[in-house]
Amino acid sequence: MSGCPYFQQRDILFKSRHLQKDEEERDDSQDGTNKASKGGIIYGDYLQLDKIVTAQVLQSELKGNKIHDEHLFIVTHQAYELWFKQILWELDSVRQIFINGHVRDERNMLKVNTRIHRIVMILRLLVDQFAVLETMTALDFFDFREYLSPASGFQSLQFRLLENKIGVPDNQRVPYNRRHYRDNFRGQDSALLLCSEQEPTLLQLVEQWLERTPGLEEDGFNFWGKLEVNIAEGLKREKEKIERKAESGDKDEQMEEFIKQKDVLSSLFDEKRHHHLMSKGERRLSYKALQGALMIYFYREEPRFQVPFQLLTSLMDIDTLMTKWRYNHVCMVHRMIGSKAGTGGSSGYHYLRSTVSDRYKVFVDLFNLATFLVPRDWVPKLNPTEHTFLFTADTCCDSSYCSSSDDSD
């Protein structure tokens, strides 16, 4: 039968249809090659997962009383510490760009903004991460809490480094059991904290950058001098407008509000008062830096100041999210242990509650800029033809511009 022309033709037709069907059903998703089979580093080795996923040692299990939720407690805090490490990585790179003077080349501001924004996004994640830990009840925590002592979240070296490098002032810290915070660390950890206190903080570096804001020069645009004149004239017009009104209770109230507004705006140009507020810790930026920040705030829509304004906004976001993180921590601790002492020996909830205040807010001056808002027509006018600094950014033809060999990394 194999020599029969009929069967030969049928066999050829069958094979042709089968081949056509195979081509129609061909799965392009399976066309790849398994490179891992040829050797080299693989996923688990690259991430060193053998170390990470075996780092959850339950103290309750070691004591012969394994508690299920201790695993969640450990994993959550380890995740926090990994994200703290990434924040420090980004923060150190940004600080190095400022320290090396590379920020004078304004093209590098995109890199600065990108990394600061990344820190903001990580902090948002950390704030939300409390929701996972709060799936554990107070009784669930109580079951294994005794095994944690004397370990405490206060002993997080990375979080203390983060505070120092951003710029939390040492004299504004709340004492920990009436002792300096560094007394709770020993050896290399204590040395690292001391070193971080002596390094330029992000606040100090941003302050120096703000002091160079184009347009502050007295022999140039002289923003501060013109603003002072414009505000004085604007206040004079406001007062005259109120005085022309008929006598009434409403007029008296308006005059009282005007006097308050005048005192606030006039204080802006009192350099001695500014230094006094700095000595009390109520202001953090230098007088010149405050001028630069306010100028960026008023002219944020101008091309030259759009990126700087984004940076100032992100710095406020960092402060806001750090405050939210502290507040969420306070609420969670109160919910879990009430008014009991902390495992590390602090007063627990009461101590943590005292840290949720402006004393830990590094860029508080940026928040207070809104205090000095004035009508747009009081802001000194810019002439694009005359004031070319609005459109000509500072650039440097040197290795400071972002390159593949970025020494800020």
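As shown above, the structure is provided for reference.
Chains are numbered independently. Their residues run from 1 in the order of the written sequence. Two thresholds apply to this predicted model, a pLDDT of at least 70 for residue-level local features and 80 or more for giving and counting side-chain atom pairs, whereas whole-chain, interface and lining totals are computed over all residues. To obtain the side-chain values, all non-hydrogen atoms of the structure were included, while hydrogens and water were left out.

A few words now on the overall build of the protein. A count of helices and strands for the protein gives 18 helices and 0 strands. Relative accessibility under 20% of the residue-type maximum defines a buried residue, over 50% an exposed one, and the middle range a partly exposed one, all with a 1.4 Å probe and only protein chains included. Out of the 409 residues in the protein, the part that is buried amounts to 40%. Contacts between residues were defined by any pair of non-hydrogen atoms, one from each residue, lying within 4.5 Å. Contacts spanning at least 24 positions in sequence make up 76% of the contacts within the protein whose residues lie at least 6 apart. Here, Shrake-Rupley sampling with a 1.4 Å probe gives the accessible areas, and only protein chains in the shown set may cover a residue. For the protein, the exposed area adds up to about 24200 Å²; of that, 52% sits on carbon and sulfur atoms. Segments assigned H or I by DSSP are reported as helices when at least four residues long, segments assigned E as strands when at least two residues long, and all are numbered from the N terminus.

Next up on the list: the pattern of salt bridges. Any Lys or Arg side-chain nitrogen located within 4 Å of an Asp or Glu carboxyl oxygen qualifies as a salt bridge. All told, the structure shown has 17 salt bridges when counted by the stated rule. Where arginine 179 meets aspartate 183, a salt bridge forms, and the shortest distance between an N and an O atom there is 3.9 Å. Judged by relative accessible area, arginine 179 falls into the partly exposed class, the value being 45%. Taking the shortest distance from any N to any O, the salt bridge between glutamate 282 and lysine 280 comes out at 3.1 Å. Glutamate 282 gets classed as partly exposed once you look at its relative accessible area, which sits at 43%.

Attention shifts here to the side chain of serine 60. Residue position: serine 60 is located in helix 4 (residues 59-62). With relative accessibility at 0%, the residue serine 60 sits in the buried group. Each polar contact in these results corresponds to two N or O atoms within 3.5 Å; when the atoms are within protein, one needs to be able to donate a hydrogen and the other to accept it, and residues that are neighboring in sequence are counted only if both atoms are side-chain atoms. In this structure the side chain of serine 60 is engaged in a polar contact, spanning 2.5 Å, whose partner is the side chain of glutamate 70. Not counting chain neighbours up to four residues away, the residues in contact with serine 60 comprise Asn65, Lys66, Ile67, Glu70, Phe144 and Tyr147.

We call Phe, Tyr and Trp rings a pair once their centres come within 6.5 Å, taking the six-membered ring for Trp, and we label the pair stacked below 30 degrees between planes, edge-to-face above 60, and tilted otherwise. Scanning all chains against the criterion turns up 19 aromatic pairs. A ring pair is formed by phenylalanine 130 and tryptophan 325, whose centres lie 5.6 Å apart and whose planes are at 55°; its orientation type is tilted. Pair noted here: phenylalanine 130 is in helix 7 (residues 130-133) and tryptophan 325 is in helix 16 (residues 303-337), with a separation of 195 residues, a long-range link. Residue classification places phenylalanine 130 among the buried residues on the basis of a relative accessible area of 4%. Taking the centre distance of 5.7 Å and the plane angle of 70° together, the rings of phenylalanine 223 and tyrosine 299 count as edge-to-face. A residue pair is termed long-range when its members are at least 10 positions apart, and phenylalanine 223 in helix 12 (residues 223-243) and tyrosine 299 in the loop between helix 15 (287-298) and helix 16 qualify at 76 residues. Judged by its relative accessible area of 5%, tyrosine 299 is buried. Connected via pairs of aromatic rings, a cluster forms that spans Phe221, Phe223, Trp224, Phe269, Tyr287, Phe298, Tyr299 and Phe305. Cation over ring: arginine 300 sits above tyrosine 297, and NZ or CZ is 5.5 Å from the ring centre. Criterion for a charge above a ring: Lys NZ or Arg CZ within 6 Å of the ring centre, and within 35 degrees of the ring normal. One residue, lysine 361, lies across the ring of phenylalanine 367, its end atom 4.5 Å from the ring centre.

Take threonine 355: it is sitting in the loop between helix 17 (349-354) and helix 18 (364-367). A polar contact is formed between the side chain of threonine 355 and the backbone oxygen of leucine 352, at a distance of 2.6 Å.

Relative to the helices and strands, arginine 283 resides in the loop between helix 14 (271-279) and helix 15. Through-space distance from the C-alpha of arginine 283 to that of asparagine 368 is 9.3 Å; in sequence the pair is 85 residues apart. Excluding residues within four positions of it along the chain, arginine 283 makes contact with Arg273, His274, Leu277, Met278, Leu290, Asp365 and Phe372. Polar side-chain contacts of arginine 283 include one of 2.9 Å to the side chain of histidine 274.

Next up on the list: the environment of leucine 235. By the secondary structure assignment, leucine 235 is in helix 12. Overall, the relative accessible area of 6% leaves leucine 235 in the buried class. In sequence terms leucine 235 and isoleucine 259 are 24 residues apart; their C-alpha atoms lie 9.5 Å from each other. Setting aside its immediate chain neighbours within four residues, leucine 235 contacts Phe258, Gln261, Lys262, Leu265 and Trp378.

Nonpolar cores are built from buried Ala, Val, Leu, Ile, Met, Phe, Trp, Tyr and Cys residues. Side-chain atoms within 4.5 Å join them into one set. With 95 residues, the main nonpolar core has Trp209 and Leu315 as its most contacted residues. If you tally residues by element for this core, the top one is helix 16, at 14 residues. Discounting residues that sit within four places of it in the chain, tryptophan 209 has contacts with Phe98, Val103, Met109, Ile296, Pro308, Leu311 and Leu312.

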